[in-house]
Amino acid sequence: MLKRMSLQNTRFFFTVLLALVAAIIMTLVCGTSVSAAKADYTNPDTGYYVLIEDDADLLTASEESELAYKMRSVTEYGNAVFKSIDYNPYYYTSTFAHEYYDELMGNKSGAVFLIDMDNRELYLEMDGAIYKKLREDKANTITDNTYSYASKGQYYLCANTAFEQVYQVLEGERIAQPMKYTCAALLAILVAFIFNFGLINRASKLKSASNNDLITSAVRTVTLSDTSARLVKESSRYSPVVTSSSGSSGYRSSGGSRSSGSYRSSGGGHRSSGGGHRGGGGGHRF
Amino acid sequence: MLSCPSCGGILRFEPHLQRIYCDNCRSNFAPEDYPNIKVAVEEKEISLERSYDESADYDVIRYTCPQCGGTILSYDDTAATFCSYCGSNAFIKGNLSQEKKPDTIIPFKLTKEDCEKKYRDSLTMKIFAPSKFKSSVTIDRFRGIYMPYWVYDFDINNKRLALTGSTETRNGDFITKKEYALSGTLDAHYAGISFDAASKFSDNLSMAIAPFNYKDATGFVPSYLLGFYADSGDVSHSTYSGDALNMAVDDLTTEFKRKPGFLGYGVSDTSQVTNALREQRTKPKIGMFPVWFLSTKVGKRISYAVVNGQTGKVAADIPVSPFKYLVWSLLLAIPLFLIFSSFCVLNPGRVLTLSLILTIASWVISSCQLRELYKRNHSLDDRGLQSMDAKHPHVTLVPNKVESSIAAGFFIFFGALLLMPFLGWITLIIALVICNALNSNSYKIKDTITGKVIKPKIPLKEKLPSYLKLGISVAASVIILFWTPVQDTIYYAGAALCIIMTILTYIDIIGQHNKLTTRELPQFNVRGGDRNA
């Protein structure tokens, strides 16, 4: 009887295990197939895809297909995604971009170009190989170079230019960033002026001789003879020693949680500390 | 010129030999062997005399500059070639003068060549100095001058002192205080606490080449002046007598704490020492101390370089060549540009914030410079000249209790830097404004008679050029940062305005620095110099 019951338990256990494995496999397969199904193009060599989700309906159908075609080049390095929204459930555009990227691609290499009509802000979120090549600096430059199109309502031109410039950087080409260099040059000149003035000021200080220098250079003899010392008063007072190990009287929290800083779209992206993707990006209002 | 008794050659005091030397026959004489120099009435004959002259005066030729009224004493005809104080070349020959004999002299130990080498060495790192300051023609104008110093001596002989002392020792949770009555017999001798006695010789220069080692001092004989020059003092000995007394008191107190009889008893009350020193001080003496002196004209102003003729310590007013400053700044900007453009994420907002911070920092620098100029223009850094100035005879500079106000400013600044990620850029701007306010209170000007604090009033025309430029750029940047426009061009325009205005301000700051490193052309018959320079 006992042996029979044990056999039944074993069967039940294996059935549950098989069902779980099947469920996991199905979820993974279905998940991939959803992404693949949504993709406008999948690069046969790399497996990276192009995806356009124009929720804010900023592009016409022909513009979408043209943009998808232009975005194909980026798939040599990672997924290329265009996303537009007219409602942002998060406060910051960067937060949405980060969460969206995380949900869509996890740690995979890719670039999401987001137009947030709610905040009127562009954001380029990246990870993997693309992030390694672009970083926040280039993401900021690209959004700087394209925000003016968005301001004029030329969203196709805006997205197209952004992906063109992403590809240019990935290919090792340079993208125009004249203001960045102009400002870096002007800042460098200003810092050099201040630094050199510091050097001048330091070198030109006339250091006066100290009183000790003056007195020791004089001729001096001090002789004290026939000295006596008489104790006239002795008193004691209680003054307990306070040691640092005794602890403070106030309350000190020993740890606890700390709210993470808010995402700042202008700050050049963020890094998630949990299991999400570890890329970053840059954005610009329009 | 004084002729050699052996061959008629020119005699001069040779610092390396410490003897009077004839360049022609190489004879040398001890200065003490010729304690007197006689100048004939016609001023054509100057002769060494072996006879001792007991009078309090000595004969010398006094040269007066027609430009500045400065005078110099010498036996040398070449004194007529240029003025050491205003750099003027028109220097007329003087007249025979009877000067008060100084009590003591420290002879020159450094020759002109030694002095020039020391000066050149000190210039090696001064890359921004105008080329004129490094040229041989300029350096050749170094002149050895015996500058007058007030020498304060204190003598306490066999003085019985009764002092108090106290010590505190910890024993577990108890502190035991012991108070002692101390007594002893003191013999203390201080000789040679010295301060310059010529208003022509700025205090900040004289203090920068101090101290002179008084052990080398000897009795004055005019033959030490051969080949050199001398100045006469005009500052009252009372100007520095308090400082000399305080120095002696401080030194004695320190000594008491070290002496075996009083060691470990914590000598605290020193009023008896102060009184004893005050009672026992001797009449201040006049000493002649050796200084190599160089004056260089910079436009309508003058720059001085001095070298201690005994120790070789150098102090020089070295202005900045705006051209060299510009070139070196542009050269330094190249690596900085590479760093900024390669490693820094420069978005428009950050560029504007950074420029604003640097602009405010420059405003702080400009304010400091203006305050320093105020001090200089009102002789607040020169006790000797101040005592001669009828306008400000009783004004003194008192450092604020928080001497470390600048250090406090730094703490605030870096504290703000730490807070910046949480509170934003505005924290830093507020911190810089506080730093500026703290700096403005780093010293007080006090009337020594009424005790009132005088507020320095920097003339508007002096501060307007820099403040206007900086004010416009700061206001524009703050408006942009609050407005937060979408267009990058507005941020960049604000940053460019800040940076260009600040660079232009640095032209003013360099001008202010050059005013601080040069001095007004002296007008010795009109005290305080040429204020229009």
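Residues numbered from 1 in each chain as written. Chains lettered and ligands numbered in written order. Predicted model: local features only at pLDDT ≥ 70, side-chain atom pairs only at ≥ 80, totals over all residues. Heavy atoms only, no water.

Asks: Before we move on, could you go through the overall build of chain B and cite the residues and values that matter?
Replies: Check the secondary structure of chain B and you find twelve helices and 20 strands. Looking at chain B as a whole, 51% of its 533 residues qualify as buried. Counted over contacts in chain B with a minimum sequence separation of 6, partners at least 24 positions apart contribute 72%. When the accessible area of chain B is evaluated, it comes to approximately 23,800 Å², of which 59% is carbon and sulfur surface. (Helix = DSSP H or I, 4+ residues; strand = E, 2+ residues; numbered from the N terminus. Buried < 20%, exposed > 50% of the residue type's maximum accessible area, 1.4 Å probe, protein only. Contact = heavy atoms within 4.5 Å. Areas by Shrake-Rupley, 256 points an atom, 1.4 Å probe, with all protein chains shown as cover.)

Asks: So what's going on with the interface of chain B and chain A? Which residues, and what values?
Replies: Of the residues lining the interface, 96 residues belong to chain B; the matching set on chain A comes to 67 residues. In total, chain B and chain A occlude about 7,200 Å² of area from one another, counting both sides; carbon and sulfur atoms represent 65% of this. Between the two partners, chain B and chain A, sit four salt bridges. The partner of Asp226(A) in a salt bridge is Arg160(B), with the nearest N and O atoms 3.2 Å apart. Taken together, chain B and chain A are joined by 26 residue pairs in polar contact (both at pLDDT 80 or more). Looking at the side of chain B that touches chain A, the elements with two or more residues in it are strand E10 (143–171), strand E11 (174–196), helix H3 (203–209), helix H4 (238–258), strand E16 (314–316), helix H6 (322–343), helix H7 (348–377) and helix H12 (488–516) of chain B. Here the element with the most residues in the side of chain B that touches chain A is E11(B); it accounts for 21 residues. Residue classes in the side of chain B that touches chain A are distributed as 56 nonpolar, 22 polar and 18 charged. (Buried area = accessible area lost by both parts, 1.4 Å probe. Salt bridge = Lys/Arg side-chain N within 4 Å of Asp/Glu carboxyl O. Polar contact = N/O pair within 3.5 Å; in protein donor to acceptor, adjacent residues only side chain to side chain. Nonpolar A, V, L, I, M, F, W, Y, C, P; charged D, E, K, R; others polar.)

Asks: Tell me about empty space enclosed by the protein, residues and numbers included.
Replies: Once rolled over the atoms, a probe with the size of a water molecule shows which space is left empty. For the structure on display, the rule yields two cavities of 30 Å³ or more. When its volume is computed, the second largest cavity comes out at roughly 70 Å³. Around the second largest cavity sit Leu214(A), Ser217(A), Tyr149(B), Gly192(B), Ser194(B), Phe195(B), Asp196(B), Ser206(B), Met207(B), Ala210(B), Pro211(B) and Phe212(B), which together line it. Contributions of two or more residues to the lining of the second largest cavity are made by E11 and H3 of chain B. The element contributing the most residues to the lining of the second largest cavity is E11(B), with four residues. Residue composition of the lining of the second largest cavity, grouped by class: seven nonpolar, four polar and one charged. (1 Å grid on protein atoms, 1.4 Å probe; cavity = no way out; pocket = protein on both sides within 12 Å on 5 of 7 lines; lining within 4 Å. Points joined across faces, edges and corners; volume = space filled by probe spheres on them.)

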